[in-house]
Amino acid sequence: MKKLLVAALLALGLAQAQQVTITYWQYDFKSKVDTINELIKQFEAANPGIKVVQQTFPYDAYQQKVASAVAAGQGPDVVNLYYGWLPTWVKAGYLQALPDELSKSLDTDFIGMVQAAKVNGKYYGIPTAVRALALFYNKDLFKAAGIKNPPRTWDEFYAAGQKLTVKQGNRYTQIGYGISPDGQDHNVVREILVRQAGGRPYSDDDRKVLYGGPEGLKAFRTYTDWVKKYDIGIPNFFPGNNGYRDGFIAGKIGMIIDGSFAIGTIRDGAKFNWGVTEIPIDRPGARKANFGSFWLHGLSPLATGAKRDAALKFLQFITSADTERMWLERVGELPARKAILKDPKLSTDPIYGPFVVGLSYAKATPFVDEAAQRKVMVDAINRVLLENADPDTSLKQAAAEDQKILDQFWK
Amino acid sequence: MKPRFSLATREALWALAFLAIPLVFFLFIRIYPAFQALWLSLFEWNADPAKRHYVGLEHYSRMLTDATLGKALRNTVLYTVIGVPLQLALGLILALLLQSVTRLRDLFRAIYFTPYITPAVAVAWVFSWMLSPNFGIVNEVLGLLGIPAQKFLTSPAQALPTVTAIVVWQNLGFQVVLFLAGLESIPRTYYEAARIDGAGGWATFRHITLPLLNPVMVFSAVIATIGFLQLFTQVVNLNFTDQGGPVGSTLTLALYIYQLAFARFQLGYAAAVTVLLFGLILIITLVQLRILSRRVEY
């Protein structure tokens, strides 16, 4: 009896030794958390020696948790992050570079914008899904205002915007476009309008800010004129987080530019007919541009030895072609692999279509310090819209501040 | 057997034992990390402690050319300079009024105290709707009075005073309770004596109430000042997607530290700014204690 017990304990100990537990972290978003839980079940069934624990945190506290937990050696092995955070995370030692075998597949199988997951020539993570921007419009409001088609050029956009803007004295009761510098509009200026005007926001090596040049100034004036000249909207029309989206869902805003990540929220909330169309351009045939972005899964420095092997396996599993299809179905985010994006069913879908088409010419801004660089552009816009600053002066100031952030990072 | 220590000594030992627990807590959870921040401010941060390299006073020299820090510092001082006197003055006025109320006294006190126990996040949300230039009730009322709609939180010029007003409104309940306690502790006999001597309302306030409220006043001023110097929650929530905005007009030192550390992972520089905030609070508190707590002569 005693011998049997010892043998059983030994066997248990052996099994324990072979069992590796890794931790996956992401912020709390129900459909993502549920899908990852299901993926973990599948993964554990296929890899009996590995156990994966998912931990989630509210979005506002997420980076704070990562910052302190990894430093204390208690954090995640595989961690989800916004691509714009990558350079600061890498610099502060929160991620380890991926092995070369994985890099090759990223270069060949994934959409070009994943290049933004590289720092100093090395990949630090893999995305499951990618996002682009498009114009959401309220079909019922369009109909009521006698507008037949969604705008394809900016002139049509202004005309529609003006028809949709309703004022009562000095107060707006409905606006044509949901101006939101701190929503997606700072990306619209930097990555869409600057490129449509023939410029580039940053140099190819990401060391120089270029949007302070003539094309950038033209693009910036175009954007601030939406409020100043065409009067198709006002900032802070709806208070709160993402007020522009809330205002659209409430039926008080005719058009917004938002990401594919907003589809789910709008679908659940909007009680009217709405549609999606590609971002307008200067004139038919003119240059197109879009802002692409993604969340990716990286490997923290805590994943070492057997844990690192297990983490790499899990990382590949949650970025596989099968996972991406499931992700599209469950979470509603667009796949990051070129082959799946080519599916004609996706590009002709009335809702996903404009985003998929947009992805084909989208670029992910090469941020080095997204939080700071976003603020620079948001402030540049607000100085003009809220403080009546001269657009050229304001943008030149932003370019100088942004350059300082780049210099500080590369120093 | 005779006990080794006398009863008094044993009681003192017990008291010390109980005091030791919070003492250990403060030493290791509060004071030690505070000094660690001082140490950290001399290093470039890395998740791996072995890779944190020493940079000397580099973070401190960076502060000198950091325009955002300058703005945060200026805002923090403004919040304090406007907020503290406002909070003390309004608190005292309300406390004096409440003291003279005899009916439904507790109800009034409860009403004034409610904002203090309401979560700051909820307060921020409700206020951002009430103060909305297009839908807010406040502008609705102003419109009825013939005053044009104000931008409040969405205007770089008005945002800081608006945030200050909201914070004062929220702290007022606590301030009133402090002053009420102070007022109750002033012996009635002084007022009676003054009345017999023919002193009027202003004279009794000036020569009895104010001097005898001095200890409460000093305590309130110090606590309120520290509170405003550390202002964070309301600022974050009143403009959630552009925290500290518009155009940095509501940014505080505490929020800037948070952004540097947890949105930009520059924990070394954030620690240096924390040291600056610590120094600021220390100096201002010492000065306040010196100026305000003069001995009162009756």
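Residues numbered from 1 in each chain as written. Chains lettered and ligands numbered in written order. Predicted model: local features only at pLDDT ≥ 70, side-chain atom pairs only at ≥ 80, totals over all residues. Heavy atoms only, no water.

### Concerning the nonpolar core
For soluble globular proteins, nonpolar side chains are generally found buried alongside one another. What counts is decided by this rule: By nonpolar core we mean a set of buried residues, namely Ala, Val, Leu, Ile, Met, Phe, Trp, Tyr and Cys, connected to one another through side-chain atoms within 4.5 Å. Per-residue accessibility, obtained with a 1.4 Å probe over protein chains only, is compared with the maximum for each type, and a residue is labelled buried under 20%, exposed over 50%, and partly exposed between these values. Numbering goes from the N terminus for both helices and strands, where a helix is a DSSP run of H or I of at least four residues and a strand is a run of E of at least two.
Core analysis: the largest hydrophobic core is formed by 201 residues, its most contacted members being A:Tyr94, A:Phe136, A:Tyr211, A:Trp226 and A:Trp274. Looking at this core, the element that brings in the most residues is helix H7 (residues 159-184) of chain B, giving 11 residues.

### Some thoughts on the environment of A:Pro280
Residue and element names in this part refer to chain A. For the record, the criterion: A contact between two residues is defined here by any heavy atoms of the two lying within 4.5 Å.
Secondary-structure assignment places Pro-280 in the loop between strand E11 (274-277) and strand E12 (290-291). Separated by 55 residues in the primary sequence, Pro-280 and Pro-335 have C-alpha atoms spaced 24 Å apart. Excluding residues that lie within four positions of it along the chain, Pro-280 makes contacts with Pro-151, Arg-152, Thr-153, Trp-154, Phe-157 and Gln-196.

### Topic: the sheet that holds strand E6 (residues 126-131) of chain A
The strands making up a sheet associate through hydrogen bonds between their backbones, and the pairing can be parallel or antiparallel. Residues and elements named next belong to chain A. Defined as follows: Any two strands with at least two DSSP-identified bridges between them are counted as paired. Here an axis means a line fitted to C-alpha atoms, over the contact stretch when the element is a helix, while the angle between two N-to-C directions is reported on a 0 to 180 degree scale.
Sheet architecture is open: 6 strands sit in the order E2-E1-E3-E13-E6-E14, paired in mixed fashion. Since the sheet does not close on itself, it has two edges, and those belong to strand E2 (50-57) and strand E14 (334-335), each with one partner. Where strand E1 (residues 20-27) lies against E2, 8 bridges are found, and the strand directions are parallel. Counted as the bridge partner of Trp-25 is Gln-55 from E2. Packing of helix H13 (residues 321-330) onto the sheet brings it into contact with E6 and E14, and relative to E6 it is tilted by some 35°.

### Structural notes on the sheet that holds strand E8 (residues 166-168) of chain A
All names here are of chain A. Read across the sheet, 5 strands follow the order E8-E9-E10-E7-E11 without closing on themselves; strand pairing throughout is mixed. The sheet is open, and its two edges are formed by E8 and E11, each paired on a single side. Taking each pair of neighbouring strands and ignoring which way they run, the sheet shows an average axis angle of 30°. Of the pairings in the sheet, the one linking E8 to strand E9 (residues 171-177) comprises 3 bridges and is antiparallel in character. Looking at E9, one finds that Val-166 is bridged to Gln-174. Against the sheet, helix H16 (residues 352-360) engages strand E7 (133-138), strand E10 (253-259) and E11, with an angle of about 155° to E7.

### Topic: unusual backbone geometry
Between B:Gly245 and B:Pro246 the backbone carries a cis peptide bond, its omega angle lying at -5°. Mapping B:Pro246 onto the fold places it in the loop between helix H11 (233-238) and helix H12 (253-262). A positive phi angle, close to 55°, is found at A:Asp231, a residue other than glycine. Along the chain, A:Asp231 turns up in the loop between helix H9 (214-228) and helix H10 (243-249).

### Considerations on the layout of surface pockets
Condition: Here a cavity means grid points, on a 1 Å grid over the protein atoms only, where a 1.4 Å probe fits yet cannot get out; a pocket means an open set of points with protein on both sides within 12 Å along at least five of seven lines; lining residues are those with an atom within 4 Å of a point. Grid points are joined across faces, edges and corners, and a volume is the space filled by probe spheres set on the points. Throughout this entry, Asp, Glu, Lys and Arg are counted as charged residues, while Ala, Val, Leu, Ile, Met, Phe, Trp, Tyr, Cys and Pro are counted as nonpolar. The remaining residues, Gly among them, count as polar.
The volume enclosed by the second largest pocket comes to roughly 1,300 Å³. Taken together, 36 residues line the second largest pocket, and the ones lying closest to its centre are B:Pro33, B:Ala34, B:Ala37, B:Ala271 and B:Thr274. For the lining of the second largest pocket, the secondary-structure elements that each account for two or more residues are helix H3 (59-71) of chain A together with helix H1 (7-40), H12 and helix H13 (267-292) of chain B. Across the lining of the second largest pocket, the residue classes tally to 29 nonpolar, 5 polar and 2 charged.

### A look at the UniProt feature "transmembrane region" (unreviewed entry) in chain B
Residue and element names in this part refer to chain B. What counts here: UniProt positions are given in the numbering used here, feature names are shortened, and annotations may be inferred rather than shown by experiment.
Here, UniProt's "transmembrane region" (unreviewed entry) annotation points to residues 12-32, 77-98, 110-131, 212-232 and 267-289. Between the C-alpha atoms that bound residues 77-98 there is a distance of 31 Å. The span itself is 100% helix and 0% strand. For residues 212-232, the end-to-end C-alpha separation is 33 Å, with 81% helix and 0% strand making up the annotated structure.

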